[in-house]
Amino acid sequence: MFHLRPVFTQTSTRCLLSSMSAAMPSLSNKTSPPDLQKQYPKPDYSTESLTKLLDHDNHEMRTRFRSFMSDPVMKPRYNISLAEERQLALDRLQRICDNGFISVLDFRDNPLRIFAAHELAAIIDPAMTTKMTVQFNLFGGTVFKLGTEKHHDLLLKGIDTLGDIGCFGLTELGYGNNAVEMETTAIFDPDTKELIVNTPTPLAQKYWITNGALHAHHVVVFAHLISHGVNHGIHAVLVPIRDKELNVLPNVLVEEMGYKMGLNGVDNAKLTFDNVRVPMDNLLDRYSQLSEDGELTSDIKSTRARFLAVADQLLAGRICIASMCIGGAKASLAIAIKYSATRLTVGSKGKSDTAILSYQLQQHALLPLLARTFALNIGLDCVKRKWAEQIPEDHLEVVAMCCALKPICSWHLENLVSVCRERCGGQGYLSCNRFGTFIGLAHAAMTAEGDNSVLIQKVAKERLAMFKPQTTVPVADNITSTDQLINLIKIRENSLFMGLGKALKAAGREGLFETWMLQENESIQSAGKTYGERLVADEFKSVVDNIQDSTKEVLQDLLDLHLLSYIKENSAWFLTHDIISSGQSKQITAEFNRLCKDLTPQALNLVESFAISDEMLSAPIARDWVNFNEVDNKGELDLF
């Protein structure tokens, strides 16, 4: 027999625990996995309310999109060639566009809709979603925001329909995004009134260019704009690379980058330009205008500020990537928890009558990840709003938020999906059970649109420049309350930033580079990450405090488990800095253990609140994995 034991909080019996008081019926391998799932306690809160909270915005669009993405045509396929995988990604994206689920004009009318589409699409096909984010955010968003009416009339309709597919030519082989060293040039020819775009050396190849290998008609090239011998810094220039029949145009060299460790539906390329001539009107000139005689006028005076303006779409891109990671995390957790609830193994009597989810090993692996996914979902929703509603005075804060949440969300996915794969044993290693797909997404996300650790450096730098200590209170004897746990994070954030500031001040101007780049890396990374963690914790607490329905208590438990996990993982720092005692560290562990156990019977209900249909998940182990294995399936879903 597998029994669920009632557990009581210090103050009251929480409503979520009332369903645990009755013993679970005997579990048997003779029962199908879907029927085993039905034997778990039902919630006494509304999972629909949790869905609405996590979805945050565009609820009607999300509902329609989920139904659309559940169509059999979206079913994953595995044993296919590279060419088929890439065509499949394009075909899926075409269906999304044909049904109007995303538009480049959403950046003007409803930017949160862009991010919603990324989260849900990534559950089905992260490769397709990567093509989508380049088409609509990096390429389309740049044309929309940096272009003017002539560019909009030419391209915006085609961007929405995929009649004009584009790519984003910023990264160079030898220099990454280092604008000072980038070599690509766009030289004004006064005789023909053209810009001559050129790649002078192999190091200047535009590298990792999504959509470039097969499908793109255009690329936004970031190049040094030179007129009459004067370098005006990095500007964005539209360069056609294929005609409508997808023939590569003269003087453009497109080189296929080949197989990757994941997301092979994305066609990445190296691009080289051999003095390609384009009309001067191809300069995206919202902020900088080039006259007929080659004189540049600009609303932005410094070359660095111009680069930051033309590359600003990377901020939205980081939110898109973080949204994709949240989608991947939700899907991975739903798969792992549904399987853990139905995979029976040896119980106390030697019978296969005990779900692996009942074991502390499984609970301690999965439940903290579930709590953290709720936390990051809510924290990212805050950043989305801040980005969409920002005013100039808030821009630096929004930059820090975007640069913190993309790394935190993608690192979370990488850790989560690896744990979920391991905790599902050999089944987790099958491609059809999806973890490999999401590992590929995580590893792409960790370095796309900014290396995670480099972005955390930027966060630390920006926050240090505007640092004001967080308000804290003395550490209480009992540190397991929500307020005390958040207080500990604030104490850590203050300590790390003040220590970093002192180190830089002691180094002086001459020692600044060596101190920052060669001596204080651990402090920099810890400070930047802790800022992001505090941001998420504050937002999660604010949301829970304002909840007035039946979900409040389960959300409070998730919040507390998330905070306890963070303090537990960083207990060495708190102990060595004499912030907490060994006895208080034991309090953290005991409360962590309790909440993992208390929340386990609700794990299925909590992942149901993600509102991911069986068809969207597609993984056999999240469904009737016994039925799947009754036939020679060859790891494909055709007969399932």
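Look a little higher up for the structure.
Every chain begins its residue count from 1, and numbering advances along the sequence as written. In keeping with the predicted nature of the model, local features appear solely for residues at pLDDT of at least 70, side-chain atom pairs appear and are counted solely at 80 or more, and the whole-chain, interface and lining totals rest on all residues. Side-chain numbers here rest on the full set of heavy atoms in the structure, without hydrogens or water.

(A) Spotlight on the overall build of the protein. A count of helical and extended segments in the protein gives 23 helices and 13 strands. We take the radius of gyration over the C-alpha atoms and set the globule estimate at 2.2 Å times the residue count to the 0.38 power. The globule rule puts the C-alpha radius of gyration for 640 residues at 26 Å, and the 26 Å found for the protein is close to it. Dimensions of the protein, computed from C-alpha atoms along their principal axes, come out at roughly 90 × 65 × 40 Å. Three exposure classes are used, based on accessible area relative to the maximum for each residue type with a 1.4 Å probe and protein chains only: buried under 20%, partly exposed in between, and exposed over 50%. Burial statistics for the protein: of 640 residues in total, 58% are counted as buried. We call two residues in contact whenever any of their non-hydrogen atoms come within 4.5 Å of each other. A sequence separation of at least 24 residues applies to 74% of the contacts in the protein between residues at least 6 apart. Here a helix means four or more residues in a row that DSSP labels H or I, a strand means two or more in a row labelled E, and each is numbered from the N terminus.

(B) Geometry of the pairing of strand β1 (residues 166-169). Alternating positions in β1 separate into two faces, G166 and F168 on one and C167 and G169 on the other, with burial throughout. With 4 bridges connecting them, β1 and strand β5 (residues 218-227) associate as parallel partners. Paired with F168 across the bridge in β5 is V220. Paired strands are those between which DSSP finds at least two bridges.

(C) The arrangement of the pattern of salt bridges in detail. Salt-bridge detection follows one rule: a side-chain nitrogen of Lys or Arg within 4 Å of a carboxyl oxygen of Asp or Glu. Using the criterion set out here, one finds 34 salt bridges in the structure. Across the pair D189 and R277 runs a salt bridge, and its minimum N-O distance is 2.9 Å. Here the residue D189 occupies a position in strand β2 (residues 185-189), and R277 occupies one in strand β9 (residues 276-279), the gap between them amounting to 88 residues. Residue classification places D189 among the buried positions, given a relative accessible area of 11%. R277 sits in the partly exposed class, given a relative accessible area of 42%. Where R385 meets E539, a salt bridge forms, and the shortest distance between an N and an O atom there is 3.1 Å. Taken together, the residues R385 in helix α11 (residues 360-388) and E539 in helix α17 (residues 521-546) connect sequence positions 154 residues apart. Since its relative accessible area comes to 26%, R385 is described here as partly exposed. For E539, a relative accessible area of 14% translates into the label buried. Salt bridges sharing common partners tie together D55, D57, R62, R66, E119 and K330.

(D) Main features of a negative patch on the surface. A grouping of D281, E292, D293 and E295 is seen on the molecular surface, where their side chains present a negatively charged patch. Checked against the element boundaries, E295 lands in the loop between β10 (288-290) and β11 (296-298). E295 gets classed as partly exposed once you look at its relative accessible area, which sits at 47%. Residues enter patches when they are more than 30% accessible in relative terms and free of salt bridges; like-charged ones are connected within 9 Å and nonpolar ones (Val, Leu, Ile, Met, Phe, Trp, Tyr) within 5 Å. To be clear on the numbers: accessible area is Shrake-Rupley with a 1.4 Å probe, and residue cover counts the displayed protein chains and nothing else. The charge count treats Lys and Arg as positive and Asp and Glu as negative. His and the chain ends do not count. By convention, the charge on Lys lies at NZ, on Arg at CZ, on Asp at CG and on Glu at CD.

(E) Fine view of the sheet that holds strand β8 (residues 268-273). Pairing within the open sheet is antiparallel, and its 3 strands lie in the order β4-β8-β7. With partners counted over all chains shown, the strands left at the sheet margins are β4 (206-210) and β7 (252-256), one partner each. The sheet shows a mean angle of 35° between the axes of neighbouring strands, taken without regard to direction. Of the strand pairs in this sheet, β4 and β8 are connected by 3 bridges, and their pairing is antiparallel. When the bridges of β8 are listed, I209 appears paired with A269. Between N-to-C directions, angles cover 0 to 180 degrees, with each direction set by a line fitted to C-alpha atoms, over the stretch in contact for helices.

(F) Broad picture of the side chain of E591. Positionally, E591 belongs in helix α20 (residues 582-599). For E591, a relative accessible area of 14% gives the class buried. Reaching out from E591, the side chain makes a polar contact with the side chain of R594 at a distance of 2.7 Å. The contacts of E591, once residues within four sequence positions are left out, are T480 and L564. In protein, a polar contact requires one atom able to donate a hydrogen and another able to accept it; more generally it is a pair of N or O atoms within 3.5 Å, and residues adjacent in sequence count only if both atoms are side-chain atoms.

(G) Examining helix α2 (residues 47-55) more closely. Listing the buried residues of α2 in full gives T47, L50, T51, L54 and D55. In an axial view of α2, the angular spread of the buried residues amounts to 130°, which keeps them on one side of the axis. Exposed residues on α2 whose side chains face more than 90 degrees from its buried face are E48 and K52. Elements in contact with the buried residues of α2: α3 (59-69), α10 (313-342), α11, α18 (552-569) and α21 (603-608). A side-chain oxygen of the first residue of α2 lies 3.3 Å from the backbone nitrogen of E48; this N-cap is S46. Directly after α2, the chain includes H56, whose backbone phi takes a positive value near 75°. For this quantity, the arc is that covered by the directions from the helix axis to the C-beta atoms.

(H) Quick peek at the nonpolar core. Residue types Ala, Val, Leu, Ile, Met, Phe, Trp, Tyr and Cys, when buried and joined through side-chain atoms within 4.5 Å, form a set referred to as a nonpolar core. Grouped together as the largest cluster of nonpolar side chains are 189 residues, with contacts concentrated most on F65, M69, I96, F273 and F374. Considering each element in turn, this core owes the most residues, 19 residues, to α10. Not counting chain neighbours up to four residues away, the residues in contact with F273 comprise V197, N198, T199, K206, V219, V221, V239, I241, N251 and V252. Within the second largest apolar cluster, 5 residues are counted, among which are A460, L500, W516 and I524.

(I) Local environment of the environment of R86. Position of R86 among the secondary structure elements: in helix α4 (residues 82-98). C-alpha of R86 to C-alpha of H215: the two residues are 129 residues apart in sequence and 9.5 Å apart in space. Among all residues touching R86, those that are not within four sequence positions of it are L214, H215, E256, G258, K260, N264, G265, V266, D267 and N268. At 2.5 Å, the side chain of R86 and the side chain of E256 are in polar contact.

(J) Representation of the side chain of D381. Of note, D381 is situated in helix α11. The buried category is assigned to D381, whose relative accessible area is 3%. Setting aside residues up to four positions removed in sequence, D381 forms contacts with L53, L54 and H56.

(K) Fine view of unusual backbone geometry. A positive phi angle, near 50°, is found at H228, a position not held by glycine. In the Ramachandran plot, N251 falls in the positive-phi region, its phi being about 70° despite a non-glycine side chain. With respect to the helices and strands, N251 occurs in the loop between β6 (230-240) and β7. Residue N251 is classed as partly exposed on the basis of its relative accessible area, which comes to 44%.

(L) Examining a nonpolar patch on the surface more closely. The grouping of F513, M517 and L518 at the surface amounts to a nonpolar patch, some 350 Å² of accessible area in total. Mapped onto the fold, F513 is located in helix α16 (residues 512-519). Exposure remark for F513: the relative accessible area of 58% places this residue in the exposed category.

(M) Here's a closer look at the environment of T354. Within the element layout of this structure, T354 appears in strand β13 (residues 352-355). Separated by 11 residues in the primary sequence, T354 and R343 place their C-alpha atoms 8.1 Å from one another. Beyond its immediate chain neighbours, meaning those up to four positions away, T354 contacts R343, L344, T345, V346, G347 and Y359.

The values reported here are purely geometric and, on their own, carry no functional implication.
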